[in-house]
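# Examining the three-dimensional arrangement
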Amino acid sequence: MTVDTLPTDAGTTGTTSAARPPAGASAHALTGKRRIAFASFVDENYLPGFLALLRSLALSNPKLCEDFLVFHDGLRPSSVARIRALHPRVELRRVDAARYDSYAKGDQDNYLVRKAYFILDVFRVRDYDTVITLDTDMVVLGDLGELLKLREGLAAVPQFFYGRHKLNSGLLVIQRPYLTDAFCARLDATGRSGDYELDKHDQGILNAVLDGDFLQLDSRFNFVKRRLSGDLPVPEETVILHFTGRHKPWLGGEAGYGQAEERWHAFEMSDAEFHAAYLARSGSAHHDLLVHYGTPHVRRTGDVDTARRVALAHIGAGEFQEAVDILGSVRIPVDSAWPHEVYGHALMSVSRYAEAQAQLLLAAAAPNRAATAFARLAQIAWIHGDDTAAHAYAVDGLSVDPTHRANRLMRLRTGGAAGDGAPERREGSPDEQLAHVAFYMPQQGNAGDKLLPESVRLTFGPDTGPRRWHSVHAHRLFDDAALEGVNARRGLVIGGGGLFIPDTAPNGNSAWQWNVPDENLNRIDVPIMVYAVGFNAFDGQSYRRERFDSSLRQLVERASFFGLRNHGSIEKVRALLPAELHDKVRFQPCPTTVTRQLVEGWTDPAEREETILVNAAYDRAGLRFGHDYAHFLAEMAKAVRALGDHAEVQCVAHSLDDEKIAFDLRREHGISLPVIPMYDFGNDAIRDTYARTKLVIGMRGHAGMIPFGCGTPIISLISHPKMAYFLSDIERPEWGVSVHEKDLGAVLTERAAGLLADHAQSVADVHGRQRELWKITEANAADLRVILGSPVR
């Protein structure tokens, strides 16, 4: 039943009884993404050692930047400032030494004793899944990646004492099961009993509790200085060098350890020298470190290449104004093409289009940057509705590099090829049409986004073509001509899809996907219906809050209907709005989830293929997987092998990048999967493929919602909060598994086998859940009929 055929007395609340995500649930709690932190105990005497440790950590692991917990019992403000200058993600935590007075042994003023008590405070950490302790008399010389991939137990380098192993001091890798009240109670009980020894060689209370039961690491992760007596060289494979003993390098050192102490002194430098050393390293760098060290370096030196690198880091994180600011602060030589290109990219991302065009034209003069510069010039022209200029720029780019994908797609888009996402030919009379702002996907674009505009239109009636609809591409500038076109129609529909996301088609007019200036938004004089839009920020992403919040508030104020596609998005959006607007935000499920109800003549397949379709997503892979991609891939290999006993497992790619899982499984685990290139499919083929399979295991939102809407059982691989939001709305959280799940392969296999064991019942369950979403869609459709004042058809 569509908008036109609903009875006029249908319910109008737009609410649901489905379970909702816990109020205020954090993104990482929903995705299961592991939170990792380093931790050290620091006092004024050991501060020089800690500063060297921080420098060594950044220089030896330039792509690594996790939170660093600094435990202390009193640091001067100037010392805190020196620490913060060396690490962008420092959190200070004060140690309450009085807590341990009841079982303290020895002098509380002794650093070694206080450091031992710090270990007890580390186990009181509750907001991280993995904590790695480092002593302030250590320097990091090698890659710590192996430690960050550890997921079980409590790990340390062992030392042998009187016939048994104890853990060595300094490095601990502590997992969540030990960061609990129960384990702390065991530590406290042992401390108060006095049944332990506390000295400079071990962790005392902790060793007494563990009694040798810990994961033993190789000595290269805590290589003690004493092993180098006689001025031996530091072994090449050493990852962490530990200057145990009383004679610390910053206090003059100790005879017989010259080569070891040279390694420490290599990290004794000024901030300016350290910044320059970090920036001189080849290879990729972590965004936070590059920005933290590169920004003061640029201020100090005016170095254009560093400004370009920092700006690229900002752009990669969606910090477009920051990218503009840093490149605008330096003088870029006319013949420095790459900085001009990056500056142009940043400027166009904040809608300073004329300035961006000037920068990109300078970049286009250099053969090695011309293709990308022409592609961005083509994009600017297309944004402004000038397809002729966009086409010409794309052709210019292809003349430089015939393989350049962005230019090839723009040439097709502006050449009028069918299905390229260009505005449709207008055949209907304006007073019979609805305007529709959406992301119209070009060729080889994301299959889910390709299907969405048609799915939204089906909710308003079976005619989804230009007779009834006037297309407005969300990414094109909503200028006066676009405004005039919309105001000539019966109403404006905006959606669906995750349009509230900061870094897809960035612009300075709204800070979300619709490129609409405030003044033109407020001049729309037909009903505005926001339909099934999602708040799509990843765990770790942020919006340009002031611009986004203002645009969002004005949109809600102007909207006659404001429906978001899950309750998680509703909670996020309401938190950004004044209280008086909260009630305007309602639940409208994504129309892809009710496909069986919308497509005229839909029939469920009489038989299904013996296949299981697997989808993985790789956009913003760092935000999706963190340090767990190798773990995810290995666990997926286990699941694919096991599920092969139930049906043929195939890879379904919504976009080209989604094929990576097939490549990686073959390269790393010897598993070959057939690949279904859904990015090349039309809408009917997308629906048909998902309707005929037995099960879909998908990471993209619409690799769950589309098959669900076609009546197919699903399991979601959760790497984004929206997956958890959807499963909560349909009251089936068990249909989701975090990509970070320790036993992902086994859990996924068990749940998939359960759905396949009684497939008919699983399909019936999907149908039942879908009916609940359809009731809400029907109720909202009745309200839309009232808003429009007459039937759509």
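Each residue is numbered by its place in its chain's sequence as written, counting from 1. Only residues with pLDDT of at least 70 are given local features in this predicted model, and only at 80 or more are side-chain atom pairs given and counted; all residues enter the totals for whole chains, interfaces and linings. Hydrogens and waters are ignored; side-chain quantities use all the structure's heavy atoms.

Okay, the packing of helix α25 (residues 629–643) against helix α26 (residues 660–669) next. Contact geometry for α25 and α26: axes closest at 10 Å, N-to-C directions at 85 degrees. Classified by the interaxial angle, the pair formed by α25 and α26 is roughly perpendicular. The segment α25 lies against α26, with Y629, F632, L633, A634, M636, A637, V640 and R641 engaging K660, I661, D664, L665, E668 and H669. Each residue is assigned to one of three groups, with Ala, Val, Leu, Ile, Met, Phe, Trp, Tyr, Cys and Pro labelled nonpolar, Asp, Glu, Lys and Arg labelled charged, and all others, Gly among them, labelled polar. For the contact of α25 with α26, the residue count by class is nine nonpolar, one polar and four charged. Lines fitted to C-alpha atoms define the axes here, with helix axes fitted over just the stretch in contact, and angles between the N-to-C directions of these axes take values from 0 to 180 degrees. Strands here are runs of E lasting at least two residues and helices are runs of H or I lasting at least four, both read from the DSSP assignment and numbered beginning at the N terminus. For classification purposes, angles smaller than 35 degrees are called roughly parallel, those larger than 145 roughly antiparallel, those between 65 and 115 roughly perpendicular, and all remaining angles oblique. Residue contacts are defined here by distance: any two heavy atoms, one from each residue, within 4.5 Å place the two residues in contact.

This part takes up the environment of R620. Within the fold, R620 resides in the loop between β20 (611–615) and α24 (621–625). Taking C-alpha positions, R620 is 9.6 Å from A317, a pair spaced 303 residues apart along the chain. At a separation of 2.7 Å, a polar atom in the side chain of R620 contacts the side chain of D619. Identification of polar contacts relies on pairs of N or O atoms within 3.5 Å, with a donor-acceptor requirement for protein atoms, meaning one able to donate a hydrogen and the other able to accept it, and with residues adjacent in sequence counted only if both atoms are side-chain atoms.

Two strands are counted as paired when DSSP detects at least two bridges linking them. Strands sit in the order β22-β21-β20-β23-β24-β25 across an open sheet of six strands; the sheet is parallel. Taken across any chain shown, the strands that pair with only one partner, and hence form the sheet edges, are β22 (675–677) and β25 (736–738). Strand-to-strand twist in this sheet, taken as the mean axis angle between neighbours without regard to direction, amounts to 25 degrees. Across three bridges, strand β23 (residues 695–698) lies against strand β24 (residues 714–718) in parallel orientation. Looking at the pairing, G698 lines up with S716 of β24. Against the sheet, helix α29 (residues 721–729) engages β23, β24 and β25, with an angle of about 145 degrees to β24.

Points on a 1 Å grid over protein atoms alone make up a cavity when a 1.4 Å probe fits among them but cannot get out, and a pocket when they form an open set with protein on both sides within 12 Å along at least five of seven lines; lining residues each have an atom within 4 Å of a point. Grid points are joined across faces, edges and corners, and a volume is the space filled by probe spheres set on the points. Considering all chains together, one arrives at ten cavities of 30 Å³ or more under this definition. Each pocket or cavity is described by its volume, and for the largest cavity that value is around 80 Å³. For the largest cavity, the full set of lining residues is R565, N566, G701, G704, M705, S716, K722, M723 and F726. A breakdown of the residues in the lining of the largest cavity according to their chemical character gives three nonpolar, four polar and two charged.

So, on to helix α9 (residues 271–280). Buried residues are those whose accessible area, probed at 1.4 Å on protein chains only, stays under 20% of the maximum for their type, while exposed residues exceed 50% and partly exposed ones sit between those limits. Among the residues of α9, F274, H275, Y278 and L279 are the ones counted as buried. For α9, the angular spread of the buried residues around the axis is 130 degrees, confining them to a single face. Looking at the packing, one finds that the buried side of α9 touches α2 (47–60), α3 (77–86), α10 (287–301) and α11 (304–316). Arc definition: directions from the helix axis to the C-beta atoms.

Another aspect to go through is the pairing of strand β3 (residues 90–94). Here five bridges tie strand β2 (residues 67–72) to β3, and the two strands are oriented parallel to one another. Bridging across to β3, L69 finds its partner in E91. The parallel pair β2 and β3, bridged by α3, forms a crossover whose chirality is right-handed. A clockwise course of the path from the first strand over the helix to the second, judged with the strands pointing away from the viewer, identifies a crossover as right-handed.

Any Phe, Tyr or Trp ring, taking Trp's six-membered ring, that has another such ring centre within 6.5 Å forms a pair; planes under 30 degrees apart are called stacked, those over 60 apart edge-to-face, and the others tilted. Summed over the entire model, instances satisfying the criterion amount to 24 aromatic pairs. With centroids separated by 4.7 Å and ring planes inclined at 70 degrees, the aromatic side chains of F274 and Y293 adopt a geometry described as edge-to-face. Taken together, the residues F274 in helix α9 and Y293 in helix α10 connect sequence positions 19 residues apart. For F274, a relative accessible area of 0% puts it in the buried group. Between W512 and W514, the ring centres sit 6.2 Å apart and the planes meet at 75 degrees, which makes this aromatic pair edge-to-face. Residue W512 shares its accessibility class with W514, and that shared class is buried. Following the ring pairs from residue to residue traces out a cluster consisting of F478, F500, W512, W514, F535, F548 and F562. Taking NZ or CZ as reference, K225 lies 4.6 Å from the ring centre of Y257, over its face. Stacked on the ring of W382, the Lys or Arg R413 has its end atom at 4.3 Å from the ring centre. Placement of a positive charge over a ring is assigned whenever Lys NZ or Arg CZ falls within 6 Å of the ring centre and within 35 degrees of the normal to the ring plane.

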